[in-house]
Amino acid sequence: MLNLCAIAGIGLALSVSAAAAEPCMKVTLTGTQGGPPLFNGQAGAGTLVQYGDETNGCSAVKLQFDTGRGTNMRLSQMKVPVGKIDAIFFTHMHSDHTEGLHDILQLRWHFNSGGPKVDVVCSDDAKSPLGHTLSCSRYVTHIGDSLIESGEIAQRLAENKKRLAGGPADLVNVMTFAPGGEPVEVWQKGDVKVSAIGSRHIPGHASYRVDTPAGSVVVGGDAGNDKPAPPRSSSTSEQVEKLAAGADVLVHSTIHPVMGPDKDSGFPPPIYFRQSNAADLGALSKRAGVKNLVLTHLIPPMGAAKQGPYPIPGGALDEAAYKDAVSASGFEGNTVVGTDLVTITLPEGS
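Residues numbered from 1 in each chain as written. Predicted model: local features only at pLDDT ≥ 70, side-chain atom pairs only at ≥ 80, totals over all residues. Heavy atoms only, no water.

Enquirer: If you had to explain the overall build of the chain to someone new, which residues and values would you point to?
Expert: Scanning the chain from terminus to terminus reveals eleven helices and 18 strands. Compactness check: the chain gives a C-alpha radius of gyration of 22 Å against a globular reference of 20 Å for 350 residues, within 12% of the reference. Considering only C-alpha atoms, the chain reaches an extent of 85 × 55 × 40 Å along its principal axes. When each of the 350 residues of the chain is scored for burial, the buried share is 52%. Once local pairs closer than 6 in sequence are excluded, the contacts in the chain between residues at least 24 apart make up 67%. Carbon and sulfur atoms form 56% of the exposed surface of the chain, whose accessible area is close to 15000 Å². For the chain, the distance from the average site of its 28 positive side-chain charges to the average site of its 34 negative ones is 3 Å. (Helix = DSSP H or I, 4+ residues; strand = E, 2+ residues; numbered from the N terminus. Rg over C-alpha atoms; globule rule 2.2 N^0.38 Å. Buried < 20%, exposed > 50% of the residue type's maximum accessible area, 1.4 Å probe, protein only. Contact = heavy atoms within 4.5 Å. Areas by Shrake-Rupley, 256 points an atom, 1.4 Å probe, with all protein chains shown as cover. Lys, Arg positive; Asp, Glu negative; His and termini not counted. Charge placed at Lys NZ, Arg CZ, Asp CG, Glu CD.)

Enquirer: Describe in detail the sheet that holds strand E13 (residues 249–255), supporting the description with residues and values.
Expert: As summarised here, the arrangement of the seven strands in space is E9-E10-E11-E12-E13-E14-E17, forming an open sheet in which the pairing is mixed. The open sheet has two free edges, formed respectively by strand E9 (184–189) and strand E17 (334–337), since each of these has just one partner strand. On average, each strand axis in the sheet is inclined to that of its neighbour by 20 degrees, with strand direction left out of account. As paired elements, strand E10 (residues 192–198) and strand E11 (residues 206–212) share six bridges and run antiparallel to each other. Note that in E11 the partner of Gly 198 across the bridge is Ala 206. (Pairing = 2+ DSSP bridges. Axes fitted to C-alpha atoms, helices over the stretch in contact; angles between N-to-C directions.)

See below:
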C-alpha cells in the first residue's frame, strides 16, 4: 500500500530543494575611493560579482572588476579567498584601479601555486595621442618583478619548491580584447557571460556587463562622454548607455557637480569633464531602464573636506547630496551611494 505521507514528504523535500537552488547574484563594492587620494581608510576602486544559488551562497563564480588598494583586505572581510576568484577584469590602467593586483597574485602564489591560473581580462595595448602606450598585458607580465629583484621570490622558493619559479605572473592567464563601439563577449563560464565595450576615459578604457540567469550588472568604470568637454548633451558615455539597456544594476564612478569649474574648488577642469557626474548618471539610468544605480569611486568622498588638495565648496557632502543630484534627473529607481562592502543581491529579497 502506498504511504501517502511519505510521498508527500518527498514532494515537499523536492520542492524545498528546488527553491533553495534558485540562481542568485551578489554585487559588492570592494572599494569606493575616488582616484588616488586617501580618505578614512576607504579601499581603492573595485567591484566583486558573484553568481550561484542558495546552496553555495550565490558564490559558485567569483569575478573581480578592478583591484584598487586594499582589495585583498575587503575580500578577506567577505571571507572570499583570493585563490577562488575565477577572473579579474580591468576597466583601465590607472593605479587606483590596479595596484591591488600585486597583493592578490602574490598571495595566490604563496598558497595556490598549484593553480588554477586566474584569468585577467583587459583591453589590448592602447597608444595615446601623445605616443605612450597603456598596456595591461605588460603590467601583469611584470607584476612580480620587484619581488624577483628584491630576492624575495628566490628566498620563498628556497622554503617551498612547489611554488612557481617565475613568481606570481606564472599564475595568470592574460586575455586581451580590442574594445570597440559594440558589446563583444570577452569571458564565459557556464551560465555567466561577460561582455565589454570601449568607452572613453583614457586610451584602452572598457566597460563590462555580466549576464546571468539571476540578473545583469554593468560596471562602467570611469567612463565619460566621447566629447571631452562642453558643449555636449551629457557627461556620460553613450557606449555605457548602450551596454546598460535593461540592466538590473549599473555600478559607475561618479563626480559630484559641486566639483565643477564654476564652483571654485580649483579642481582641474579636464579631470572633472572626463568623469560622469551624478545627475547625468541618473538620466542615463532612466533612459536605459536600469533598476539600481550604484555610485562608486566617489569624487569627493562623503564626509571629506577635500578631494586630495582641492576643497569642497560649501563643505563635506553626505549621502543625501549625491541622491539629490541623481533624483534631479528624474530617475525613480533605487540609488545606492557606495560605501565599501555595500552589497546588492539579485533577485531582490533572495
